[in-house]
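Inside the fold
So you can see what is in the structure, the chains are spelled out below.
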Amino acid sequence: MSIRKQAAPPRLITVGDVVVAHSRDLGEWTAAQIVRLDADSQTAAVLELDWSGPEPSSVADLGDVAPLRLTHHSWNGALSFCNHAWVLPRSHKVVGAMPLLHDKPANCWASGWRLGDQLARQRRWDSGVHEDPIAAWKAEYTGETVNEFLSQPIAPRPEVTHLTITDIDFLDCAQLVQRFPGAAWLHLHGRLGLLSAAGELNRLTSLQGIRIVDLFGMTGEDRLRPQCVPELESVDLHSIPAEYASAMRSTWRPEIPAGTYVSVVRARKAEWVEENRNNPLRDWDGREHISTTTFKRAVAQYKTTRRALLQVFAEEPADVRSTRMEEIGRAYGEAFNKLDRRSGFIETAEREELFAALDHILNEAEALHGPGLEGARDSLIVGVESVRDW
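First, a word on scope: everything that follows refers to the structure included in this document. No experiment lies behind these values; they were computed from the predicted model shown.

1. Examining the packing of helix H7 (residues 321-343) against helix H9 (residues 374-385)
Relative to each other, H7 and H9 sit at 40 degrees, their axes nearing to 6 Å. Between H7 and H9, the angle is such that the two are oblique. Crossing of H7 against H9: the hand is right-handed. Contacts between H7 and H9 involve Ser322, Met325, Glu326, Ile328, Gly329, Arg330, Tyr332 and Gly333 on the former and, on the latter, Ala376, Ser379, Leu380, Val382, Gly383 and Val384. Partitioned by chemical class, the residues of the contact of H7 with H9 number seven nonpolar, five polar and two charged.

2. Looking at the sheet that holds strand E10 (residues 185-196)
Strands in a sheet are paired, the pairing made by backbone hydrogen bonds, and the direction either parallel or antiparallel. On the basis of which strands lie adjacent, the open sheet formed by six strands has the order E8-E9-E10-E11-E12-E13 and parallel pairing. Single-partner strands in this sheet number two, and they are strand E8 (138-142) and strand E13 (261-268). This sheet shows a mean twist of 10 degrees between the axes of neighbouring strands, independent of strand direction. Where strand E11 (residues 209-216) and strand E12 (residues 234-241) come together, five bridges link them in parallel fashion. Pairing of Ile212 across the sheet is with Leu237, part of E12. Docked against the sheet, helix H2 (residues 143-150) engages E8 and strand E9 (162-172), running at close to 90 degrees with respect to E9.

3. Observations concerning the layout of surface pockets
In this structure, the second largest pocket encloses a volume near 390 Å³. Around the second largest pocket sit 22 residues that line it, and Ser80, Phe81, Cys82, Cys108 and Gln118 are the ones nearest its centre. For the lining of the second largest pocket, a count of residues per class yields 13 nonpolar, five polar and four charged.

4. As for the sheet that holds strand E3 (residues 43-53)
Taken in spatial order, the five strands make up an open sheet running E6-E3-E2-E1-E7, and their pairing is antiparallel. Looking along the sheet, the strands with just one partner apiece sit at the ends: strand E6 (81-85) and strand E7 (93-97). In this sheet, adjacent strand axes meet at a mean angle of 40 degrees when their direction is disregarded. By the bridge criterion, eight bridges tie strand E2 (residues 28-38) to E3 in an arrangement that is antiparallel. Directly across from Trp29, in E3, lies its bridge partner Gly53. Where helix H1 (residues 117-126) meets the sheet, it contacts E2 and E3, and its direction lies at approximately 45 degrees from that of E3.

5. Let's talk about the environment of Arg388
Within the secondary structure, Arg388 is located in the segment after H9. Given a relative accessible area of 25%, Arg388 falls into the partly exposed group. For the pair Arg388 and Glu334, spaced 54 residues apart in the sequence, the C-alpha separation amounts to 6.2 Å. Beyond its immediate chain neighbours, meaning those up to four positions away, Arg388 contacts Asn337, Arg351 and Phe355.

So, how was this worked out
- Residues numbered from 1 in each chain as written.
- Predicted model: local features only at pLDDT ≥ 70, side-chain atom pairs only at ≥ 80, totals over all residues.
- Heavy atoms only, no water.
- Axes fitted to C-alpha atoms, helices over the stretch in contact; angles between N-to-C directions.
- Helix = DSSP H or I, 4+ residues; strand = E, 2+ residues; numbered from the N terminus.
- Parallel < 35°, antiparallel > 145°, perpendicular 65-115°, else oblique.
- Left-handed = near helix turned anticlockwise from the far one by under 90°.
- Contact = heavy atoms within 4.5 Å.
- Nonpolar A, V, L, I, M, F, W, Y, C, P; charged D, E, K, R; others polar.
- Pairing = 2+ DSSP bridges.
- 1 Å grid on protein atoms, 1.4 Å probe; cavity = no way out; pocket = protein on both sides within 12 Å on 5 of 7 lines; lining within 4 Å.
- Points joined across faces, edges and corners; volume = space filled by probe spheres on them.
- Buried < 20%, exposed > 50% of the residue type's maximum accessible area, 1.4 Å probe, protein only.

Geometric descriptors of this kind do not, in isolation, establish any biological role.
In structure tokens form, the structure reads like this:
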């Protein structure tokens, strides 16, 4: 796990505490109360308050406050009440304590605190505005579109503070920093892609949160440094180079008591990247409820199915493919029936990924043999559906 088990939150908070933070959506400060702390899950149940205003110095500055109830969109008056990782972000502060406004456990979980988001939505709804406004400070690109954008002689966009880039095959971080110098929340999601000049991210001096998934090319020297990004309060790294993972862990774990959440999982060696570059089930490696043995057997079956399918397209005439597709589909379905009976690991996500893996093979076949494989695809799925228990 990325954070060692502790008996108490690393940054002091107690039940009843009122925490406040500035909300970009509201343009003001907002508040919440700590209702419960759970050492087993290392979470805090956080109840948002229906309040915003100037930065408070004490609970008395809030006046007579009440819990925030949500009626916008599909909410039906439920409290804005959720479990969060119990590392209190460094941008948040405790202004005192008050009697609990609620004493039940929370039954939802959130990946970040983001105080004020729900209050802003509720206030827009109450004023008759039912759509979220376009925020000039948010931007989202694919890797392809952002690289096209970065290659053009366009002025920097310092107003963008929340930047998300997905499907990255290659990204030059030096160019990224030059074009988006005000990025405070940065989410980079790759396809086993390559990050170049990752150390340049240290020039994002306002950086508060970073998430990097399935990207490589970074070394220990590229690690973010606290003296360069002193406001960083969330480090979320998933499937990244082992050397970079180790350096980021050792650098940022000492910052947890100051309010930096740190999660670094699935550190990968270069050999793993090469072995799994064309493996659509690679995300199963390290998934909490999937053992290493199950992962290896699943990949072996995927490779067996891939070989069989590609052989059919290379050697069999089109008029007999349908029968062979059904046979291969049945073998695939039965193999995963057997594997699932051993450990019961196939849930909704895994079921969808197993069908996506077949699409991956068929797309590969189309690239090799041309389009027009819809009938073969249908026959393959018929075979799977005729036997699968998952």
